[in-house]
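A closer look at the structure
Given next are the chains, with one letter for each unit.
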Amino acid sequence: MMETAPTADLVYQGICTLYHNQNPKEKEKANKWLEEFRKSIYSWTIADELLQQKRDMPSCYFAAQTMRNKIQNSFNELPMNSHESLRDSLIAHVGQITNETDSIIVTQLCLAVADLALLMASWKQPIIDLLDMLSPQPQSVWPLLEILTLLPEEIDSRYLRLGANRREEIHKQLDAAAPKVMDFLCVCMQQQQHAGGESVAHEKIINSILRCYCSWVAIQAIPLQQAAQNPLTQQVFQLLSIENTSRKLHDSSTECLCALLSCMEANSGRDTLDPQLKMQIFNAVFMLETAYHTCVGMEDIDKIMNFCRIFTVLCEAFFYEMFANEDIPHYSIKGLDLVLICVGHYDYEVAEITFNLWYRLSEELFQRNNDKLTSHFKPHIERLLGALYRLTQMEPDQEGLIDENDSFNDFRRKVSDLIKDVAFIVGSGNCFKQMFYKLQEPGCTWESTESALFIMQNVAKNIIPDENEVIPKVVEAILNLPENTHIAVRYTSIMLLGELCDWIENHAESLQAVLNFLLYSLQQKNGLAAAAAIALTSICASCRQKMIYHISGLVEIARSLDSFEISNDLAIGLLKGISLILSRLPKQQLETAMREIISFQLQPLAIMVESTATAPICKGERTDPAYWVDRACAVIRHTNPDVSDNEIHPTLNILTEAWPLISRVMDKYQADVRVMERTCRLIRYSVRMVRKQASMLVEPLIHQMVTLYALHHHSCFLYLGSVLVDEFAKVDDCINVLLVMLKSFIEPTFKMLQVENGLKNNPDTVDDFFRLCSRFIDCCPLPFLQSALVTPIFQCALLACTLDHREANSSVMKFFCNLLKWGRSNNYKLLECKPLVREIAEQNGEALVINLIQASVFCLHSYMLPDVAEVLTELKDVITHEQMEAFLKVALQSLPKKNSGGYVTATDEQLLDFQEAVMKSTTTKSVTLALKTFTRLYR
């Protein structure tokens, strides 16, 4: 904290050091000092001083940025009576901007003015005042346009927290000022057109006019009817039609037109636009096809992408009209032809712009489930699939497989998702057949073959398993691929086999040949092993019963995993597939096979644990204990035999024998959080598998967890503790041990969370700790509520209300709900719990409601409010109506009455409306709605 005010010279010296000193340590020192200066109250006046002095670009930029930063984040530091002088000073700085002023300084200063105008409640007509003060000065037109652009854009800034009332007031100001702003923009455009020329300054002003117009259109301050007929809109179309329009102006014109079309979409249900005018706009955009083809001829990819975006947004603007009539297709469906022309472009990045439109279209057709309507779009989807078939083709000179991190590979993944979404419109079987015909075309190149197989791969899962016309020919062709076939074709063919797993399950006669083919591919060293592993995993999952007869071969695959050229993730996938087959084996055979497969993973781990050498752990390699722990975990997680409660679990002996090794792993690698997390996960799935039969491990496991948690604070032990509570809280002998475990966890947990930013810096600990507490309440509520632990835990939960981490906050809210449920008036289970919960609620209810309301208003995201609403609803059912009303009143009184700009955040009437809405509501949903409406008053 800066105690005394520094001089402007000292701050300037710091800026010079930051920008010009070559010594990194000095730069870092200056940066830290300047950050402290920015946070201080003195930065307001010194930033203003530096702007007046105009010593150099870095100092002006720093000062302008500081001013903007202070207004956005620390406006409450200023007394109300200093707002006007700050405004006048900023406008004076803006008035001194010239064409030579660096644009980054202009942006920061204009942002400062725009944010001040939005925050300052006493400034009644900021837009009109700015127009009157700055528009007569030619050199101020540029910054004025910038301010007018930023004003609408900053209304929803999360930094300003204007509140719903202030936003509504500003929207009214924008609506009232819109005609004057439009006149100003039109005059500016006319002046630039009359002036002519192609200077940088000339283009800069036109670009600023278009950006400003776009900003006002986007916020719907200009009625659609007027915007559609505005001379500036005509100018936008003209700029888009001319081939020599500069890239910058083309971009800004595109933004303008897309903003207008998006407003049409937003207003589509309100009929605010004359249908005739709507059609004129559609036709005007349609006419831009010629300009698009011109850009294609000139190979101007940026403009091509702009047009593609315009055509896509056009279809989105008319989206629901396309579905309006199932008998006669609406004229707007022609917009899809424009989009498909763009999809046909050779650059796949152009096609990618359209993907969201196709997703929306397929979702709408799927929801409507109307065959007549779907038939209107069938030709378009056929053309889309044809274009995707061409776009996903590799280069003819590609020698190997596509690199995993290549952008083209990323594009193909997106195409894969899209095909799966839209294929139903034309029929997956039909699509598969069309691609099969392409394979049979004379002179079909390897890249065309691979692309067709790639499309087939993405629809294969949706083909009915008893298809006997095309698939048998495809499978036979794949199994008999010549050795000289391009590696990419072989790779995609193997992937296709994996996707045909349901068909193979239905055609058992093909299984042996497919397995032989995949095993052969798995042993290859050319990249095919990865595809074979994926395909084999899919076939194991689909053909579980039939794969029992191949278990000895699968065990051999598990033994030889490290001889295959596959990643550990794929090896884990294979083990998962094999484990699904293990679950179907007779008990004796299961134990033998599983013991063998688990030993393949645990033997190397045992060697590592017993080794005295301190070799470094290479993450994801054989020297990484997590490498083997993850593999063992995959086997245990996915082996789920059907075992009755009174039978000894066939895997119990395996786990009992493995426990000493797992315990030694925890001791040896106790400081490595990653290894500890993986080991806890292995124990978790082991316990879940054998359930109460693992009770003999509870005491030694808890003792080790508690000891290690006290030393290293790994939150995975808390999570594992919640699993133990879930499984063993109903076992009488275990309850006390579990409560001792909780007590042992509390001290190190609270110690960690109570330091400054402790909650914020340890969200995983908060999440896992309160999940553990919730499990206690769920599984053994009475012992938990009777213990001395419940009060400090509740107090900690009160502090954690404000944590804006989704999972952590959800766990805290779940803890409150689970606890309060036992105090409900209609709770007839364990009646002894009811008075205990009511006592807690009455003692802490006021603090709970205050913290929940404060957190909702100032800390939490709106998607987190349903959890808060659930807690309030549960609390209402535990305490009396009068108590809840009193708690709410206190909570609402604690909120600020005005925002930092002096505007009323919530009126007395609005506070009362919220209070009544909460008190009258009978569902969590209605409380959530009330909370969301109320919190908008402060955001």
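On to the overall build of the protein chain, then. Summing up its helical and strand segments, the protein chain has 49 helices and zero strands in all. Referenced to the eigenvectors of the C-alpha coordinate spread, the extents of the protein chain come out at roughly 95 × 80 × 65 Å. Taken across its 939 residues, the protein chain has 55% of its residues classed as buried. The long-range fraction of contacts in the protein chain, counting pairs at least 24 apart against all pairs at least 6 apart in sequence, stands at 75%. A total of about 41900 Å² of accessible surface is found on the protein chain, and carbon and sulfur atoms cover 51% of it. The averaged location of the 114 negative side-chain charges in the protein chain is 4 Å from the averaged location of its 85 positive side-chain charges.

So, about the nonpolar core. In terms of nonpolar packing, the biggest core is built from 353 residues, with Trp 216, Trp 358, Ile 793, Phe 815, Phe 816 and Ile 853 touching the most fellow members. Those residues within four positions of Phe 815 in sequence are excluded, and the remaining contacts are Phe 770, Cys 773, Ser 774, Ile 777, Phe 784, Ile 793, Phe 794 and Ala 797.

With that out of the way, let us pick up the packing of aromatic side chains. Enumeration over the complete set of coordinates arrives at 29 aromatic pairs. With 5.2 Å between their ring centres and 80 degrees between their planes, Phe 282 and Tyr 331 make a pair best called edge-to-face. With Phe 282 in helix H14 (residues 275-286) and Tyr 331 in the loop between helix H17 (319-322) and helix H18 (335-343), this residue pair connects regions lying 49 residues apart in the sequence. Here the aromatic cluster, defined as three or more aromatic residues joined through ring pairs, consists of Phe 750, Phe 769, Phe 770, Phe 794, Phe 815 and Phe 816. Residue placement shows Arg 87 over the ring face of Trp 123; its charged tip is 5.1 Å from the ring centre. The ring centre of Phe 318 lies 5.7 Å from the NZ or CZ of Lys 278, which sits over that ring.

Let us look at helix H25 (residues 471-479). Those residues of H25 lying buried are Ile 471, Val 474, Val 475 and Ile 478. Viewed end-on, H25 has its buried residues packed into an arc of 95 degrees, placing them on one side of the element. Lining the buried residues of H25 we find helix H23 (428-439), helix H24 (446-459), helix H26 (487-499), helix H27 (501-506) and helix H28 (511-522).

Time to look at the packing of helix H10 (residues 200-218) against helix H13 (residues 247-266). At their nearest, the axes of H10 and H13 sit 9 Å apart, and the two run at 15 degrees to each other. Between H10 and H13, the angle falls in the class roughly parallel. Note that H10 runs across H13; the crossing there is left-handed. Facing Glu 203, Ile 206, Asn 207, Leu 210, Arg 211, Tyr 213, Cys 214, Val 217 and Ala 218 of H10, the residues of H13 in contact are Lys 248, Leu 249, Ser 252, Ser 253, Glu 255, Cys 256, Ala 259, Leu 260 and Cys 263. Considered class by class, the residues forming the contact of H10 with H13 number 11 nonpolar, three polar and four charged.

Tallied over the entire structure, the rule returns 43 salt bridges. Between Lys 372 and Asp 327 there is a salt bridge, with its nearest N and O atoms 2.7 Å apart. Taken together, the residues Lys 372 in helix H21 (residues 371-391) and Asp 327 in the loop between H17 and H18 connect sequence positions 45 residues apart. With a relative accessible area of 44%, Lys 372 lands in the partly exposed category.

If you trace the backbone, Met 182 turns up in helix H9 (residues 164-195). The exposure class of Met 182 is buried, given its relative accessible area of 8%. Distance in space between the C-alpha atoms of Met 182 and Asn 230 is 8.8 Å, their sequence separation being 48 residues.

What follows is about the packing of helix H7 (residues 126-134) against helix H8 (residues 141-154). Running from N to C, H7 and H8 cross one another at 170 degrees; their axes reach a closest spacing of 11 Å. The orientation of H7 with respect to H8, classified from their angle, is roughly antiparallel. Judged by residue contacts, Ile 127, Leu 130, Leu 131 and Leu 134 of H7 engage Leu 144, Ile 147, Leu 148 and Leu 151 from H8. Split into classes, the residues belonging to the contact of H7 with H8 amount to eight nonpolar, no polar and no charged.

In this structure, Gln 220 is a non-glycine residue whose phi angle is positive, near 60 degrees. As for its position among the elements, Gln 220 is in the loop between H10 and helix H11 (224-229). Notably, Arg 691 is not glycine yet its phi reads approximately 55 degrees, a positive angle. If you trace the backbone, Arg 691 turns up in the loop between helix H36 (673-690) and helix H37 (698-712).

Moving on, we get to the environment of Leu 652. With respect to the helices and strands, Leu 652 occurs in helix H35 (residues 652-668). As a C-alpha pair, Leu 652 and Ile 551 span 101 residues in sequence and 21 Å in three-dimensional space. When near neighbours in sequence (up to four residues on either side) are disregarded, Leu 652 contacts Val 690, Gln 693 and Met 696.

Look at helix H32 (residues 568-582): 21 Å from first C-alpha to last across 15 residues, which is about the 21 Å you get at 1.5 Å a residue. With respect to burial, H32 is a largely interior element, 12 of its 15 residues being buried. By the burial criterion, the buried members of H32 are Asn 568, Ala 571, Ile 572, Gly 573, Leu 574, Leu 575, Gly 577, Ile 578, Ser 579, Leu 580, Ile 581 and Leu 582. Buried residues belonging to H32 abut H28, helix H29 (528-542), helix H30 (544-547), helix H31 (551-559), helix H33 (587-610) and helix H34 (625-638).

Let us look at the environment of Asp 804. With respect to the secondary-structure elements, Asp 804 resides in the loop between helix H43 (790-800) and helix H44 (806-821). Asp 804 gets classed as partly exposed once you look at its relative accessible area, which sits at 38%. If we skip the residues at most four places from it in the chain, Asp 804 touches Cys 859, Leu 860, His 861 and Met 864.

Further remarks concern the state of the cysteines. This model, assessed by the stated rule, comprises zero disulfides. This cysteine, Cys 315, is not joined by any disulfide, and Cys 342 carries the nearest cysteine sulfur, 9.7 Å off. Look at Cys 315 and you get buried, because its relative accessible area is 1%. Unpaired in this structure, Cys 859 has its nearest cysteine sulfur neighbour in Cys 801, at a distance of 9.7 Å.

The topology assignment puts Asn 306 in helix H16 (residues 301-317). Accessibility expressed as a relative area gives 11% for Asn 306, which makes it buried. At 2.8 Å, the side chain of Asn 306 forms a polar contact with the side chain of Asp 251. Setting aside anything within four residues of it in sequence, one finds Asn 306 in contact with His 250, Asp 251 and Thr 254.

About the cut-offs
- Residues numbered from 1 in each chain as written.
- Predicted model: local features only at pLDDT ≥ 70, side-chain atom pairs only at ≥ 80, totals over all residues.
- Heavy atoms only, no water.
- Helix = DSSP H or I, 4+ residues; strand = E, 2+ residues; numbered from the N terminus.
- Buried < 20%, exposed > 50% of the residue type's maximum accessible area, 1.4 Å probe, protein only.
- Contact = heavy atoms within 4.5 Å.
- Areas by Shrake-Rupley, 256 points an atom, 1.4 Å probe, with all protein chains shown as cover.
- Lys, Arg positive; Asp, Glu negative; His and termini not counted.
- Charge placed at Lys NZ, Arg CZ, Asp CG, Glu CD.
- Core = buried A, V, L, I, M, F, W, Y, C linked by side-chain atoms within 4.5 Å.
- Phe/Tyr/Trp six-rings, centres within 6.5 Å; stacked < 30°, edge-to-face > 60°.
- Lys NZ or Arg CZ within 6 Å of the ring centre and 35° of its normal.
- Arc of directions from axis to C-beta.
- Axes fitted to C-alpha atoms, helices over the stretch in contact; angles between N-to-C directions.
- Parallel < 35°, antiparallel > 145°, perpendicular 65-115°, else oblique.
- Left-handed = near helix turned anticlockwise from the far one by under 90°.
- Nonpolar A, V, L, I, M, F, W, Y, C, P; charged D, E, K, R; others polar.
- Salt bridge = Lys/Arg side-chain N within 4 Å of Asp/Glu carboxyl O.
- Expected span 1.5 Å × (residues − 1).
- Disulfide = S-S within 2.5 Å.
- Polar contact = N/O pair within 3.5 Å; in protein donor to acceptor, adjacent residues only side chain to side chain.

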